[in-house]
Amino acid sequence: MARKCLLLGMNHSLEKYIPYIEPAFLEEIERFGLYKTFPPHTVILREGASVQVVPLVLNGLIKASSTSEEKDLLLYYIQPGETCIMSFSSCRTSSPSKILAVTEEETEVLLIPAEKLNLWLKKYPSLNRFFFDWYNQRYLDLLDTIDQLVFQNLETRLLKYLHLHAKAHQAAIIQRTHQQIANDLGTAREVISRTLKKLEASGKIEISRNEIKIIQM
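Residues numbered from 1 in each chain as written. Predicted model: local features only at pLDDT ≥ 70, side-chain atom pairs only at ≥ 80, totals over all residues. Heavy atoms only, no water.

1. As for the sheet that holds strand β9 (residues 205-208)
Part 1 of the reasoning: Strand order across the open sheet formed by three strands is β8-β10-β9, with antiparallel pairing between neighbours. At either end of the open sheet lies a strand with only one pairing partner, and these are β8 (173-174) and β9.
Part 2 of the reasoning: When β8 meets strand β10 (residues 211-214), the two strands line up antiparallel, connected through two bridges. Of the residues in β10, the one forming a bridge with Ile173 is Lys213.
Part 3 of the reasoning: On top of the sheet, helix α6 (residues 154-169) reaches β8, β9 and β10; it is set at about 95° to β10, its chief contact.
Part 4 of the reasoning: Each of β9 and β10 touches helix α8 (residues 189-201); the most contacted strand, β9, lies at about 130° to it. (Pairing = 2+ DSSP bridges. Helix = DSSP H or I, 4+ residues; strand = E, 2+ residues; numbered from the N terminus. Contact = heavy atoms within 4.5 Å. Axes fitted to C-alpha atoms, helices over the stretch in contact; angles between N-to-C directions.)

2. Comments concerning the pattern of salt bridges
Part 1 of the reasoning: Within the structure shown, the criterion is met by six salt bridges.
Part 2 of the reasoning: Linking Arg176 and Glu104 is a salt bridge whose minimum nitrogen-to-oxygen distance equals 3.8 Å. Of the two residues, Arg176 is situated in the loop between β8 and α7 (178-185) and Glu104 in the loop between β6 (100-103) and β7 (107-113); the sequence distance between them amounts to 72 residues. Per residue, the accessibility class of Arg176 equals that of Glu104, and both read buried.
Part 3 of the reasoning: Between Glu190 and Arg189 there is a salt bridge, with its nearest N and O atoms 3.3 Å apart.
Part 4 of the reasoning: The exposure class assigned to Arg189 is partly exposed, which follows from its relative accessible area of 35%.
Part 5 of the reasoning: Through salt bridges with shared partners, one network takes in Lys63, Glu104, Arg176 and Asp184. (Salt bridge = Lys/Arg side-chain N within 4 Å of Asp/Glu carboxyl O. Buried < 20%, exposed > 50% of the residue type's maximum accessible area, 1.4 Å probe, protein only.)

3. Topic: the confidence of the model for the protein chain
Part 1 of the reasoning: Per-residue confidence for the protein chain gives a mean pLDDT of 85, with 89% of residues at or over 70.
Part 2 of the reasoning: Element-level mean pLDDT values for the protein chain span from 56 in helix α1 (residues 2-17) up to 94 in β6. (pLDDT = per-residue confidence, 0-100.)

4. So, α8
Part 1 of the reasoning: Its 13 residues give α8 an end-to-end C-alpha distance of 18 Å, which sits within 8% of 18 Å, the value for a rise of 1.5 Å per residue.
Part 2 of the reasoning: Along α8, the positions that sit buried rather than exposed are Ile192, Ser193, Thr195, Leu196 and Leu199. (Expected span 1.5 Å × (residues − 1).)

5. Regarding the nonpolar core
Part 1 of the reasoning: Residues Leu14, Ile112, Leu117, Leu127 and Phe131 are the most contacted members of the largest nonpolar core, which totals 36 residues.
Part 2 of the reasoning: For Leu14, the residues in contact, after removing those within four places along its chain, are Ile21, Leu26, Ile29, Leu56, Leu58 and Leu110.
Part 3 of the reasoning: Leu159, Leu162, Ala168 and Ile174 belong to the second-largest nonpolar core, a separate cluster that totals 19 residues. (Core = buried A, V, L, I, M, F, W, Y, C linked by side-chain atoms within 4.5 Å.)

6. Digging into the sheet that holds strand β3 (residues 53-59)
Two modes of strand pairing occur in sheets, parallel and antiparallel, and in both the strands are linked by backbone hydrogen bonds.
Part 1 of the reasoning: An order of β1-β7-β3 is seen for the three strands of this open sheet, with the pairing classed as antiparallel. At either end of the open sheet lies a strand with only one pairing partner, and these are β1 (34-38) and β3. Within the sheet, the average angular offset between the axes of one strand and its neighbour, ignoring direction, is 30°.
Part 2 of the reasoning: Bridge count for β3 against β7 is six bridges, and the pairing is antiparallel. Across the sheet, the residue bridging to Val54 is Ile112, located in β7.
Part 3 of the reasoning: Strands β3 and β7 of the sheet are contacted by helix α4 (residues 114-123), whose axis makes an angle of about 70° with β7.

Rendered as structure tokens:
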């Protein structure tokens, strides 16, 4: 009975996030999809690992990043109603994961099994459309990231990062250390500390121990 209630709740969420989903697809999800809740700071997927499932976030938040020289460079957040397009790509090509995916808070996900993915893409236009829409969104995100790296200074990049983090967590106060921010932005902690002080001096943020409050949203 408990599993039945969970599935009913999950399907309700799917219809909210994919309003054009086919009833037959929902039935297959009930049979083969895996509904799971992960605690905060849980590694969902490691770089180089075989990708067995594609996650669709129902509640919570996942951070997708790329690891280089012991720094986890932030790629994007996966919020409710969103999926990890890099995991999808790895499943489609049977290639190892190119990202590290970690939960930021308690997160409920629907895990689509890799062995069913290609079949479902052929059978259900709704799934094709869903992933195509997210491919397009992540492409735009990538263009924005390139624009920030090439044309924007670190102060602007850092402020955008803080706004993105606040939006993803739905909170104006960001609980993150200077080192964690430096890792996400691919730079040194000392550089982040100096830049944060500049932003505070300009009245855009307030800094306390391991907390940053955004003043200008």
